[in-house]
Amino acid sequence: MKDFIIPWDDKDMGTPAKSGKPVHLTIDGAKVTVPAGTSVMRAAAEAGLDIPKLCASDNLEAFGSCRLCVVEIEGRRGTPASCTTPVHEGMVVRTQSEKLQRMRKGVMELYISDHPLDCLTCAANGDCELQDMAGVVGLREVRYDAAPEKANHFATRDTSGQPNPEWLPKDDSNPYFTYDPSKCIVCNRCVRACEEVQGTFALTIEGRGFDSRVSVGAENFLESDCVSCGACVQACPTATLQEKSVIEMGVPQRSVVTTCAYCGVGCSFKAELNGDQLVRMVPWKHGKANRGHSCVKGRFAYGYADHPDRILKPMIRERIDEPWQEVSWEEALGFAAKKMRGIQEAYGQKSIGVITSSRCTNEETYLVQKLARAVFGNNNTDTCARVCHSPTGYGLGQTFGTSAGTQDFDSVEKTDVIVVIGANPTDAHPVFGSRMKKRLREGAKLIVIDPRKIDLVKSAHIAADHHLQLRPGTNVAVVSALAHVIVTEGLADEAYIRERCDWDEYLSYAEFISDERHSPEATFVLTGVDPDVLRAAARTFATGGNGAIYYGLGVTEHSQGSTTVMGIANLAMLTGNVGREGVGVNPLRGQNNVQGSCDMGSFPHELPGYRHVKGAEVREVFQKAWGVEIDPEPGLRIPNMLDAAVDGTFKGLYCQGEDILQSDPDTKHVSAGLAAMECVIVHDLFLNETANYAHVFLPGSTFLEKDGTFTNAERRINRVREVMAPKAGYADWEVTQLLANAMGANWHYTHPAQIMEEIALTTPSFAGVSYDVLEEKGSVQWPCNEAHPDGTPLMHVDGFVRGKGRFIVTEYVATEEKTGPRFPLLLTTGRILSQYNVGAQTRRTENSTWHQEDVLEIHPHDAEVRGVKEGDWVRLASRSGETSLRAKLSERVSPGVVYTTFHHPDTQANVITTDFSDWATNCPEYKVTAVQVGLSNGPSDWQERYAAQAEQSRRILPAAE
């Protein structure tokens, strides 16, 4: 295994790295070898020679405006900027001379002449590149002020004492950072970061010369197109753009590299602290998933960790109508253990179970499913990952042989045609969405398949080449129609299919898909997609070069979710788009550890590594490791647990880090099931909605308070490192161990590294994973084992894991959820940029500035027919229930379709959704619900009853003295 020392140093190399043949040059007498295309500035930095700079940064293309980085090159006239000058063979460079020093000092004088000299009280003191560069060039005095006919930008009044027309006040509108134009040196880095890194184009430079200003094109930052990703703040070399947390707490003095606990991108961050006080989160430039970028959630929305709503003491109660009683950890765990064992004695061994969380670490999830199998003695373990992405595991497992995506995120840089189906990357996976937008600006084609006009359909400097705005629930018909065009028009890659796939199965599939009933013209009546548009999209994908498919919950959360995933796999195989860079089938996971919670055996029929519990040889592996017998019969999924609870046979639940009452479908059924249980243990940060029906509350720890690993959407295993001690006393894995031991187990883990050792021992795809390996390499993508010691960025390179790729017939079967006279509209649900999942974390941060409530998007035509105006309260009703929320008129949705989010418990959007689910995995059909919309006077009777019950349930008595 090759040595690899992780580059913990965040030194800015000035310009991006290049790849090319080696070029040899001399810089200040030192021999340097760098790839062709490298700038002189970066070549110097590689040799440990720092050239002064202000406008340059290694995540931005060279700009050459500050003129501080000038150098002398032998045989070349003048003093070129080192950031924009590429190296060439034999080049001789001098970075230091009396002439260069004089020039740089003069440049710095000009900058300082229009900058306030308040360094001692400035929030960026000690963290200011302008200050640093003034010291580097030896500037000790400023000989002149700004041009006589102009006033300084930083002075509130001119020399006569009159108000200075050149001065602008600080913009504090954004909840997370300030913009102080008086300190701006117009280096353009923020503008370029917004364009090149984020792709929002919210900033620009207005005016010329001395009048140049950074502008947001609106009254202030809050009202602008800014998405608060933090790229501009990170790029700013002064205190012009500054985190409010730094202004308040001071410049941080130490940092810990960890992994974000929001979406499935898995961004790496430096948590920067003063003592144990978190000051800011800065995206880590060496993070292989995010490459130094971030979004508003990961960058700024960490305040929930210190929110007063956090529960830090264990609590118990005998009945759910009683107030909570604070108790010691020992008493709470003893109470829980006695209750759970008593239930098993009364109702049988299979009367209790667990729910694992996609927000917890791999190690924590592994222990929770082990608790069910090794301590409870059953396989009653399920996870929210099944509720969102289980069709991915089933569909890709059947076709390719693995239950995960095929690529790494870097692969998108080699893609020629991008298909986005049932996903909204700019809102749900914004860091990857930015990388996707960058590739689109470079010329890649885009096909969007979605009932809504998401931002990717058209936004700044990008537009979809084809938008297939299908009717919700018809994914299979659209995917089949695309395949029909490819097969019948002779666009399939026959050579690839013969080599890599089962040819006989392909012939059978080709006969099926060639049937005229799958043509775009025939399916139009089902899907509503223009046949000409669909045919054009199919041709683009089949003939446009490297084609990559990215999909999300809009694919999986359907009654035919698994069928659609298999159809997507068919499309990729038909066109030869699996097994190299720039192609593949890529599920975008919703939460930070959806992939990991599946990997760790959270399903009732699968042990870790996606191996069926019926397999004797698989059970033997775990029986040997755990020293217990494992039940060969699959356990209960969440809906089965709830059904059994209502029937009186399932009575106890340990729910770690999951809020099924808000996140699962058919809220009334969930509440009935929970109410019928005799012991519900909630292990979480806050008294969530599920805790309304709980008897034991065990305080959880945030990602900042634990060690472990997350596995992101590209199968990347990233380290999570403890930034501060657990506020409640224990990390989540410790709490699970304490509960297991209280129930008679004999677990002795002292660190999550030991749990990972056990995972590696029992799970082939993790066999080569250890904390030492992760420290050495930074991260790895499974499978990581003896055959792949460095991990596997690309899957199925030489052949599919299952052998030959399998084409599967994908018959369209309409959902049982039908529209009609009573419920003529179709409701589909999704997420929004500022909020996350059920909002438990983001609602307790300033992110609520952008999204204070769930709203219902409705087409103006549908609104007019119902007399609904913008902002009106409307009643949203289905066959399952009803709720009320405010209306937002929008042409993002088609007539006949409405859309809402599920971030706020006041709305309880899932009281509307039905219990229909995917035929193979029981993944709920969140995306298709027949509804009616009408005017309302405010919250419904059910919402008011629910709010009253929740308030009653959250009464807390202090611990007894």
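Presented here is a report on the structure given in the accompanying data block. (Residues numbered from 1 in each chain as written. Predicted model: local features only at pLDDT ≥ 70, side-chain atom pairs only at ≥ 80, totals over all residues. Heavy atoms only, no water.)

**Examining the overall build of the chain**
And then number 1: In terms of helices and strands, the chain carries 29 helices and 37 strands.
And then number 2: Going through the 961 residues of the chain one by one, you find that 63% of them count as buried.
And then number 3: Considering only contacts within the chain whose residues lie at least 6 apart along the sequence, 72% involve residues at least 24 apart.
And then number 4: Approximately 35400 Å² of the chain is accessible, and the part contributed by carbon and sulfur atoms is 50%. (Helix = DSSP H or I, 4+ residues; strand = E, 2+ residues; numbered from the N terminus. Buried < 20%, exposed > 50% of the residue type's maximum accessible area, 1.4 Å probe, protein only. Contact = heavy atoms within 4.5 Å. Areas by Shrake-Rupley, 256 points an atom, 1.4 Å probe, with all protein chains shown as cover.)

**What about the sheet that holds strand β33 (residues 873–878)?**
And then number 1: Here 6 strands make up a closed barrel; going around it, the order is β31-β35-β32-β34-β33-β36 and the pairing mixed. Within this sheet the neighbouring strands show an average axis-to-axis angle of 45 degrees, counted without direction.
And then number 2: Pairing analysis gives 3 bridges linking strand β32 (residues 855–858) to strand β35 (residues 897–901), with the strands arranged antiparallel. Within β35, the position partnered with I858 by the bridge is V898. (Pairing = 2+ DSSP bridges. Axes fitted to C-alpha atoms, helices over the stretch in contact; angles between N-to-C directions.)

**A look at the pairing of strand β14 (residues 352–356)**
And then number 1: β14 sits mainly inside the fold: 5 of its 5 residues count as buried.
And then number 2: Burial along β14 is two-sided: I352, V354 and T356 facing one way and G353 and I355 facing the other are all buried.
And then number 3: When β14 meets strand β25 (residues 652–656), the two strands line up parallel, connected through 4 bridges. Paired with I352 across the bridge in β25 is G652.
And then number 4: Considered for its hand, the β-α-β crossover made up of β14, helix α9 (residues 362–376) and strand β15 (residues 381–383) is right-handed. (Right-handed = clockwise from strand over helix to strand, strands pointing away.)

**Some thoughts on the pairing of β35**
And then number 1: Burial within β35 is extensive, with 5 of its 5 residues counted as buried.
And then number 2: Pairing analysis gives 5 bridges linking strand β31 (residues 825–830) to β35, with the strands arranged parallel. Bridge assignment links T828 to a residue of β35, and that residue is Y899.

**Quick notes on empty space enclosed by the protein**
And then number 1: Under the defined criterion, the tally for this structure stands at 13 cavities of 30 Å³ or more.
And then number 2: Estimated volume of the largest cavity: approximately 380 Å³.
And then number 3: For the lining of the largest cavity, the elements supplying multiple residues, two or more each, are α18 (553–556) and β31.
And then number 4: Residue composition of the lining of the largest cavity, grouped by class: 11 nonpolar, 12 polar and 5 charged.
And then number 5: Reported here for the second largest cavity is a volume of approximately 250 Å³.
And then number 6: For the lining of the second largest cavity, the class distribution of residues is 7 nonpolar, 9 polar and 5 charged. (1 Å grid on protein atoms, 1.4 Å probe; cavity = no way out; pocket = protein on both sides within 12 Å on 5 of 7 lines; lining within 4 Å. Points joined across faces, edges and corners; volume = space filled by probe spheres on them. Nonpolar A, V, L, I, M, F, W, Y, C, P; charged D, E, K, R; others polar.)

**A short note on the packing of helix α16 (residues 520–527) against helix α17 (residues 531–543)**
And then number 1: In the contact formed by α16 and α17, the axes pass within 9 Å of each other and the chain directions differ by 120 degrees. The two elements α16 and α17 cross, and the hand of that crossing is right-handed. On α17, the residues touching P520, E521 and F524 of α16 are P531, L534 and R535.
And then number 2: The class makeup of the residues in the contact of α16 with α17 is 4 nonpolar, no polar and 2 charged. (Left-handed = near helix turned anticlockwise from the far one by under 90°.)

**Remarks on the layout of surface pockets**
Rolled over the atoms, a probe with the dimensions of a water molecule shows which regions are left empty.
And then number 1: In this structure, the second largest pocket spans a volume of roughly 1000 Å³.
And then number 2: What lines the second largest pocket is a set of 36 residues, and nearest its centre among them are V227, D427, D455, L833 and R892.
And then number 3: For the lining of the second largest pocket, the secondary-structure elements that each account for two or more residues are α11 (425–428), α12 (430–441), β32 and β35.
And then number 4: Here the lining of the second largest pocket takes 4 residues from α12, the largest share from any one element.
And then number 5: The residue inventory of the lining of the second largest pocket, partitioned by class, reads 11 nonpolar, 15 polar and 10 charged.

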